[in-house]
Amino acid sequence: MKKRILSRFTVILFVIGFMVATQYNTINTSDTRDTRDTWEIRQELSREKQIHSELLSEISLLDETLGKYTGEAAEDPENILQETVEELRILAGLTEVTGSGITLEVRPSLEAVAMGTDIMEIPPDLLIRLVNEINRFNSIEMTISGQRIINTTAIRDINGYTTVNGERISTPPFAIEITTGNMEETRKLFSHLTASEIHDDFYIDDLTIAVSEPQEQLTLPPFGEDWSAAHLEALEEE
Amino acid sequence: MWISILGLLLGISLGLLTDVQIPPEYASYLSIAVLASLDTLFGGIRAHLQQVYDDKVFVSGFFFNIVLAAGLAFLGVHLGVDLYLAAIFAFGVRLFQNIAVIRRLLLAKWTEKRG
């Protein structure tokens with residue numbers, strides 16, 4: 001009799017143990033599994049390495065500036081500060097830029113012209129898409145219909161008109177000018193834009209992009225308006 | 001007695017080693033089933049100590065309680081009422097009662113032995 005009771009209890013306890021373990025497994029499942037294959041991990045690694053090298057070059061640049069400050073601080077601090085301000089103005093897009101580059105011309109597509117379709121403005125979404133496509137390249141400066149694109153530029157719809165920097169851009173055709181760091185980059189940009197899928201997106205809106213041959217000299221105007229720094233305040237001296 | 005604990009350990013290790021998993025939606029059913037089985041287990045121990053243990057009652061109670069609790073939880077999910085709370089409450093209260101009775105019986109036995 002006693003043996004029988006024991007065997008029953010053993011079986012029941014076994015079942016309980018199994019259930020508890022199953023519950024434990026279910027609750028404590030690890031996060032989503034890493035299912036990337038070697039190639040994806042390699043790509044991830046190369047992306048991270050690129051970021052690493054960019055950060056390193058930035059650090060060395062800042063170090064250089066710091067070295068200048070400490071080295072020449074005693075001699076001519078104002079000069080150094082002026083230099084830095086000028087560098088920052090260039091970075092912010094407040095100066096004229098000259099370099100090699102290409103010109104894109106956004107035009108109504110031939111079909112639209114032949115059919116006599118009304119020529120509509122370019123939608124802001126499409127323009128943003130194009131700008132993002134171009135911004136994949138480093139050290140790019142560009143203007144859209146004469147408006148310089150800077151970090152705070154807004155491309156948006158204001159009262160039904162597509163605007164850049166708050167200024168309405170003309171209906172197509174209009175030009176987009178892009179300068180890059182050097183001729184090699186320009187050629188790369190040229191081939192990228194020539195083969196880009198963005199043409200298909202433009203075609204849906206009855207527009208085409210004509211990409212000019214790389215030019216040695218292209219000058220972009222500075223950002224026109226007063227640059228407002230609403231949330232920046234001068235640091236008071238302690 | 002030790003052999004029962006061995007059974008428990010065997011069950012746990014088998015569960016952990018085989019890494020069996022159920023879909024997370026059903027985890028609540030399993031937890032209620034575990035509670036029901038614990039209730040039956042302690043009920044069985046108490047009955048054994050009170051010398052009223054019945055094999056059939058014990059085994060049928062084990063399976064019936066599990067099915068009933070899971071069924072109640074299932075019904076609750078479909079009716080939008082947290083019926084599983086009823087099962088948790090009932091089993092929880094009974095679990096404590098059973099354990100209290102077991103403690104008293106064991107204490108009584110112990111004092112009898114010493115005295």
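Read on for a plain summary of the structure. (Residues numbered from 1 in each chain as written. Chains lettered and ligands numbered in written order. Predicted model: local features only at pLDDT ≥ 70, side-chain atom pairs only at ≥ 80, totals over all residues. Heavy atoms only, no water.)

**Focus on the sheet that holds strand 4 (residues 155-158) of chain A**
Within a sheet, neighbouring strands are paired by backbone hydrogen bonds and run either parallel or antiparallel to one another.
All names here are of chain A.
Here is step 1 of the chain: In spatial order, the strands read 4-5-6; together these 3 strands make up an open sheet with antiparallel pairing. The open sheet has two edge strands, strand 4 and strand 6 (167-168), and neither has a second partner.
Here is step 2 of the chain: As paired elements, strand 4 and strand 5 (residues 161-164) share 4 bridges and run antiparallel to each other. If you follow Asp-157 over to strand 5, its bridge partner there is Thr-162.
Here is step 3 of the chain: Those strands touched by helix 5 (residues 124-134) are strand 4 and strand 5, and its axis lies near 170° from that of strand 4. (Pairing = 2+ DSSP bridges. Helix = DSSP H or I, 4+ residues; strand = E, 2+ residues; numbered from the N terminus. Contact = heavy atoms within 4.5 Å. Axes fitted to C-alpha atoms, helices over the stretch in contact; angles between N-to-C directions.)

**Let's talk about the nonpolar core**
Here is step 1 of the chain: With 27 residues, the main nonpolar core has Ile-144 and Ile-178 of chain A as its most contacted residues.
Here is step 2 of the chain: Going through the elements one at a time, strand 1 (97-108), helix 5, strand 2 (141-144), strand 7 (174-179), helix 6 (183-195), helix 7 (198-204) and strand 8 (207-211) of chain A are the ones with two or more residues in this core.
Here is step 3 of the chain: With 5 residues, the top contributor of residues to this core is helix 5 of chain A.
Here is step 4 of the chain: Each residue touching Ile-144 of chain A, except ones within four places of it in the same chain, is listed here: Leu-127, Val-131, Ile-149, Ile-155, Val-164, Ile-169, Phe-174, Ala-175 and Ile-176 of chain A.
Here is step 5 of the chain: Counting residues in each nonpolar core, the second largest holds 22 residues, with Ile-5 and Met-19 of chain A together with Ile-32 and Ala-33 of chain B among its members. (Core = buried A, V, L, I, M, F, W, Y, C linked by side-chain atoms within 4.5 Å. Buried < 20%, exposed > 50% of the residue type's maximum accessible area, 1.4 Å probe, protein only.)

**Overview of a nonpolar patch on the surface**
Here is step 1 of the chain: Together, Met-1, Trp-2, Ile-5 and Leu-9 of chain B give the surface a local cluster of nonpolar side chains, amounting to about 510 Å² of exposed area.
Here is step 2 of the chain: Tracing the sequence through the fold places Leu-9 of chain B in helix 1 (residues 2-18). (Patch = residues over 30% accessible without salt bridge, like charges linked within 9 Å, V, L, I, M, F, W, Y side chains within 5 Å. Areas by Shrake-Rupley, 256 points an atom, 1.4 Å probe, with all protein chains shown as cover. Salt bridge = Lys/Arg side-chain N within 4 Å of Asp/Glu carboxyl O.)

**Examining the interface of chain A and chain B**
Many analyses report the size of an interface as the accessible area lost when the parts associate.
Here is step 1 of the chain: Each side of the interface is counted separately: chain A has 22 residues, and chain B has 36 residues.
Here is step 2 of the chain: Counting the surface chain A buries against chain B, the share from its top three residues, Phe-9, Ile-12 and Met-19 of chain A, is 21%.
Here is step 3 of the chain: Here chain A and chain B share 1 salt bridge between them.
Here is step 4 of the chain: Of the charged contacts in the structure, one is a salt bridge between Asp-55 of chain B and Arg-8 of chain A, with a shortest N-O distance of 3.1 Å.
Here is step 5 of the chain: Connecting chain A to chain B are 5 residue pairs in polar contact (both at pLDDT 80 or more).
Here is step 6 of the chain: Looking at side-chain class alone, the side of chain A that touches chain B contains 13 nonpolar, 7 polar and 2 charged residues. (Buried area = accessible area lost by both parts, 1.4 Å probe. Polar contact = N/O pair within 3.5 Å; in protein donor to acceptor, adjacent residues only side chain to side chain. Nonpolar A, V, L, I, M, F, W, Y, C, P; charged D, E, K, R; others polar.)

**Considerations on the packing of aromatic side chains**
Here is step 1 of the chain: For the structure shown, the criterion picks out 5 aromatic pairs over all chains.
Here is step 2 of the chain: Centroid distance Phe-9 of chain A to Phe-58 of chain B: 4.9 Å. Interplanar angle 35°. Geometry classified as tilted. Of the two residues, Phe-9 of chain A sits in helix 1 (residues 2-27) while Phe-58 of chain B sits in helix 3 (residues 55-79), which places them in two different chains.
Here is step 3 of the chain: With relative accessibility at 4%, the residue Phe-58 of chain B sits in the buried group.
Here is step 4 of the chain: Centroid distance Tyr-26 of chain B to Tyr-29 of chain B: 6.0 Å. Interplanar angle 35°. Geometry classified as tilted. (Phe/Tyr/Trp six-rings, centres within 6.5 Å; stacked < 30°, edge-to-face > 60°.)

**Details of the packing of helix 2 (residues 27-49) of chain B against helix 4 (residues 84-114) of chain B**
Residues and elements named next belong to chain B.
Here is step 1 of the chain: One way to put it is that helix 2 packs onto helix 4 with a least axis distance of 9 Å and a crossing angle of 25°. In terms of their interaxial angle, helix 2 and helix 4 are classed as roughly parallel. Helix 2 and helix 4 meet at a crossing whose hand is left-handed. (Parallel < 35°, antiparallel > 145°, perpendicular 65-115°, else oblique. Left-handed = near helix turned anticlockwise from the far one by under 90°.)

**Comments concerning the pattern of salt bridges**
Residue and element names in this part refer to chain A.
Here is step 1 of the chain: For the structure on display, the rule yields 10 salt bridges over all chains.
Here is step 2 of the chain: One salt bridge in this structure joins Glu-133 and Arg-136, with 3.9 Å as the shortest N-O distance.
Here is step 3 of the chain: Residue classification places Glu-133 among the buried residues on the basis of a relative accessible area of 15%.
Here is step 4 of the chain: Residue Arg-136 is classed as exposed on the basis of its relative accessible area of 57%.

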